[in-house]
Amino acid sequence: MKTNLLRSIVLPLALLCFGFAQAQSTVSGVVSDQNGPLPGANVVVKGTTNGTQTDFDGNYELTNVPDGATLVFSYVSFKTKEVPLNGQTTLNITLEEDTQSLEEVVVVGYGTQNKKEITTAVSSVKAEDFIQGGARSPMDLIQGKVAGLNITKTQGNNPNSDSSIQLRGVSSLSGDIAPLIVIDGIPGGDLDLLQQDDIASIDVLKDGSAAAIYGTRGNAGVILITTKKGRTGKTVTEYNTYIQSEFVDKKPDYLSASEFRDLIDQGVISADQDFGHSTDLYDELLNKSNLSQYHNLSMSGGSESTTFRASVFFNDAKGLPKQNSREQFGGRFSINHKALDDKLTIQSNLAANFINANLLGGGTGDFEQAIQRNPTAPLYNEDGTFYETEAYNNYNPLHRLADRIYERQEEVFSGDIRLSLEVAKGLNASVFGSYVRTNYNDRIFRSKNDWDQRESTEYQGTAYAKKFNHLDWSKTLEATLDYQTTIAEVHDIGAIIGYSYQYSTAEEFSADNSGFTTDGFLDWNLGAGTGITDTSLPRPELYSFKDDNTLVGFFGRVNYGFADKYFAQFVLRREGSSRFGDNHKWGNFPAASVGWAISEENFMQDIQAISLLKLRAGYGVTGNQGIPNYQSLTTLSDGGVYPQGGVYYQTYGAARNANPNLKWEEKHEINLGLDFGLLQNRLSGSIDVYQRKTKDLLYNYSAQQPGFVRGSIFTNVGELENKGIEVVLSAIPISSENFQWNIDFTGSYQSNELSKLSDENFQANWLEFGGLPSPGNLGNAIRLEEGGSVGNFYGKRFAGFTDEGKWLFYKADGSTASASEMNENDLSVIGNGVPKYNASLGNRFTYKNFDLTIFFRGKFAYDILNTKDLYFGNKKWLPNNLLKSAVTKHNQLDDDPQYSDYYIESGDFVKLDNVTLGYNVPLESRYLESMRIYVTGKNLATFTGYSGIDPELQDTGFTTGIDGRDFYPRTKTWTLGFNFRF
């Protein structure tokens, strides 16, 4: 009985195990592409973690494979292939190259090109590669992503400040130095019309051959922004949202109340400076409960003939300081319709943004007060009014926040339409029109209780109010005719010709008044103030202004490709601007570039390690018309008055000298590039080397009188030279079914030099920038002279202190002298504030549904002038508060502030700029297609030897590397976000 029972249990189990063992098999084979075996290809049993990789000869062997399984074969830059076993134990697979990367469309001026056809220096960043987390500005999305493009937030994360943008160094003395922004084809588009979830790609035209198609606006490069559009198929709804909070990254190291009193006890500070309180103004200025929120809801879809996308957003950005915010709401709509048997295409975009900004808080001077205010002084009097310390450069910021208004209401609108008609096969005609309008109104009010309005001032205890209005708008009309054809299957020809017209105008109006004996009207009844009639009060001011300009251009471009190996591009734009003199209204801007895809040559086909090898070379001329209007004309300004018949009449005279020879600056640029891909593009990148010379720089020079009516003239003289190297690398060290690691690196080197400043008619010894504030009359920190580098600090060389703590500096002959004994000949270059090297390193890890991004950014080989230390680190600043360095590092110093290399420090830094952890939630829902949750930390750590608050300062233009006394607090930012797709 027991034996039969044992047999009835054991025998079926044995048969089951035997059957299971028989169901498992070993599968082997070779994975290849059209050129031979593929080493490192992934082979995985679908739906499991059972997998392997091919060896150097493409061989693989996979054990414990169920008979009914499906194998998944994958490799970077190749299409994934799934193959059912169907009882087979040997599978030899050939993978097809995924040409999407080579066929990737890159936006260029007035069109698009396949990536493989590009012969110029162009960088393209798609939405999936943007910097993650909440972005204050669209430019934040690509900060550190484009080699050679400097994007610096000079006021940290202030929601009401703009990013400073510069490409490949400074390109003008007086004109625009920021790249031209083009949004969906609109030149000079407004970044306020863009939200991060509405952007599809950002393409940067970096060299002259790429930007020449934009003529006089391409001197500083071009940034092309393309917004998301609808696609044929089911309607897709997306909702993206986040909440964000700011925290102090690093505070200035100033004396606390107890440390201040210790100095009183030591006799360093007079005893009458102890006011009996303990305050920290810095903390009082912070809105520690700040919480920003962002919401974006979009719908897109369409039929074969009509597609659309519509989005609405609400963005409430709160700054870390009190009364520092920016609330935006608006929307964007795009539609694309095909008619006449798909020969006619109509595209249109509409966008609007309504902005309410509180500009009162976050003033950089407020935080200067936070350093220097006596920490024993109260912030409030016993009766609740504000306490003011009446000393040089002192005020109570909390008083201003309570009794002032500074708000801006702004509306931005953009509309465009494009009609494209297929005239014949390969021949298309297009007409594009756009209108962009920005209008804002400022409210400025100071209560009669404000300290600056007190009875002892010129305002005699009355309130002050002001209104300011700004309106600018532009309209653009462009017509193009483009032709594309292929001859004998190897000759690809493309050509475009076009006409461009743009008219822009700006208007401003302001009025103010004082003498308001009540705060009841605020700024809504300017006529109620007695300043209009009471001559003992400051005179009210009326101001109005308007200017305009017109730009007309004709352009053409020809592209040629032979056998996907050899490429060439030729561009010419002829453009006229109302801003220039009668003798130089028009200019020509040519460009040419070539490319050679070496990897497509027959002799390269046996070198399997090289997937892509392409040489590029280009030369282009661009211009700069980004100067104020009417500089070539004699305009009028008011002068004195003259009496006649008891009436005083206003006089008018020439405001500037006319210059009929005024013309645009021209930049001539050579660019050499190499694109490469190795190991089936698991390692890829590019190297670009450029040299550019900007000629006929515009600047105000002294004009001889008589001969000229006025003492200065705006004219073309100087030259700037820039050169540099840019490197971009991308690698995929690990790629498997469940885990992938991507690395992206960008690096650049730049050098900027003023090669010419004077000619035989107009001379200047040097130009100076970066004026240092009082007290001390310390002059300018930066000098630019012929043959010198942009950003040079110019000043005294520190030689030590006397026994009494007085300054000693080196004279030109090597001897030492006091500050009063120094002269102009003893000054020299003592540093440079422009970073020579910029770099970023991004790592992205994906494991199943998790993703982790770690992004570093750094700048190197530059100097910083620490003006906070120069003033607040000196005991002479007493009885104001000090930095602790005044009684530690600089304790020996007992002399007035002096500008010298004593305060020049290395600015090198590396920032842990962004860390994002995301999770794609697995879903089984008929309605919710996907859901992602993420957490982002920004500016989490800074590695630097700089002793100040933040080494990342303005490094664009000519005022570089100066860490000013006034500042906006630097912050760490934490974001929690959700992305839903329905």
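Residues numbered from 1 in each chain as written. Predicted model: local features only at pLDDT ≥ 70, side-chain atom pairs only at ≥ 80, totals over all residues. Heavy atoms only, no water.

### So, the overall build of the chain
Of the regular secondary structure elements, the chain holds eight helices and 51 strands. Out of the 982 residues in the chain, the part that is buried amounts to 49%. Summarising the internal contacts of the chain: among those between residues at least 6 apart in sequence, 69% fall at separations of at least 24. For the chain, the exposed area adds up to about 43,900 Å²; of that, 54% sits on carbon and sulfur atoms. The averaged location of the 119 negative side-chain charges in the chain is 3 Å from the averaged location of its 86 positive side-chain charges. (Helix = DSSP H or I, 4+ residues; strand = E, 2+ residues; numbered from the N terminus. Buried < 20%, exposed > 50% of the residue type's maximum accessible area, 1.4 Å probe, protein only. Contact = heavy atoms within 4.5 Å. Areas by Shrake-Rupley, 256 points an atom, 1.4 Å probe, with all protein chains shown as cover. Lys, Arg positive; Asp, Glu negative; His and termini not counted. Charge placed at Lys NZ, Arg CZ, Asp CG, Glu CD.)

### Considering the pattern of salt bridges
Scanning all chains against the criterion turns up 49 salt bridges. Linking D280 and K251 is a salt bridge whose minimum nitrogen-to-oxygen distance equals 3.1 Å. Separated by 29 residues along the polypeptide, D280 in the loop between α4 (257-265) and α5 (281-284) and K251 in the loop between β18 (233-248) and α4 bring together distant segments of the chain. Given the relative accessible area of 30%, K251 is considered partly exposed. Put simply, D452 and R404 hold a salt bridge, and the shortest N to O gap is 2.7 Å. One end of the pair, D452, is in the loop between β24 (427-446) and β25 (463-487); the other, R404, is in strand β23 (residues 404-424), and 48 residues separate them in sequence. On the accessibility criterion, R404 (17% relative accessible area) is buried. Each of R168, K206, K667, E669, R692 and E726 takes part in one network of salt bridges that share partners. (Salt bridge = Lys/Arg side-chain N within 4 Å of Asp/Glu carboxyl O.)

### Digging into α4
Listed as buried for α4 are A257, F260, L263 and I264. Along α4, the residues classed as buried sweep out an arc of 120° about the axis, all on the same side. (Arc of directions from axis to C-beta.)

### Quick look at the UniProt feature "domain: TonB-dependent receptor-like beta-barrel" (unreviewed entry) in the chain
The sites that UniProt annotates as "domain: TonB-dependent receptor-like beta-barrel" (unreviewed entry) are residues 432-940. Helix makes up 1% of residues 432-940 and strand 60%. Its end C-alpha atoms lie 45 Å apart. (UniProt positions renumbered as here; feature names shortened; annotations may be inferred.)

### A short note on helix α6 (residues 364-372)
For α6, the buried fraction is high: seven of the nine residues fall into the buried class. The inward-facing, buried residues of α6 contact α5, α7 (397-403) and α8 (867-872).

### Focus on the packing of aromatic side chains
What the rule picks out here adds up to 40 aromatic pairs. Geometrically, the ring pair formed by F367 and F967 is tilted, given 6.0 Å between the ring centres and 50° between the ring planes. Of this pair, F367 sits in helix α6 while F967 sits in the loop between β50 (962-963) and β51 (971-981), placing them 600 residues apart in sequence. Seen from the ring of Y464, R446 lies directly overhead, with NZ or CZ sitting 4.3 Å from the centre. The ring of F809 is capped by K796, whose NZ or CZ atom sits 5.5 Å from the centre of that ring. (Phe/Tyr/Trp six-rings, centres within 6.5 Å; stacked < 30°, edge-to-face > 60°. Lys NZ or Arg CZ within 6 Å of the ring centre and 35° of its normal.)

### Considerations on the pairing of strand β3 (residues 42-45)
Side chains N42 and V44 project from β3 onto one buried face, and the interleaved V43 and V45 project onto a second face that is buried too. Once β3 ends, the chain turns through five residues before running back antiparallel as strand β4 (residues 51-53), passing G47 with a positive phi of about 85°. Alignment of β3 against strand β6 (residues 70-74), held across four bridges, turns out to be antiparallel. Bridge pairing links N42 to S74 in β6. (Pairing = 2+ DSSP bridges.)

### What about the sheet that holds strand β42 (residues 816-817)?
Pairing in this open sheet of three strands is antiparallel, and the strands run β40-β41-β42 from one edge to the other. Single-partner strands in this sheet number two, and they are β40 (797-801) and β42. As paired strands, β40 and strand β41 (residues 807-810) are joined by four bridges and run antiparallel to one another. The residue bridging R797 from the neighbouring strand is Y810, located in β41.

### Quick look at the pairing of β51
In this structure, β18 lies alongside β51, joined through eleven bridges in antiparallel fashion. When the sheet's bridge partners are listed, T241 is paired in β51 with F978. Pairing between strand β49 (residues 930-944) and β51: nine bridges, direction antiparallel. Along β51, the bridge assignment pairs S930 with R981.

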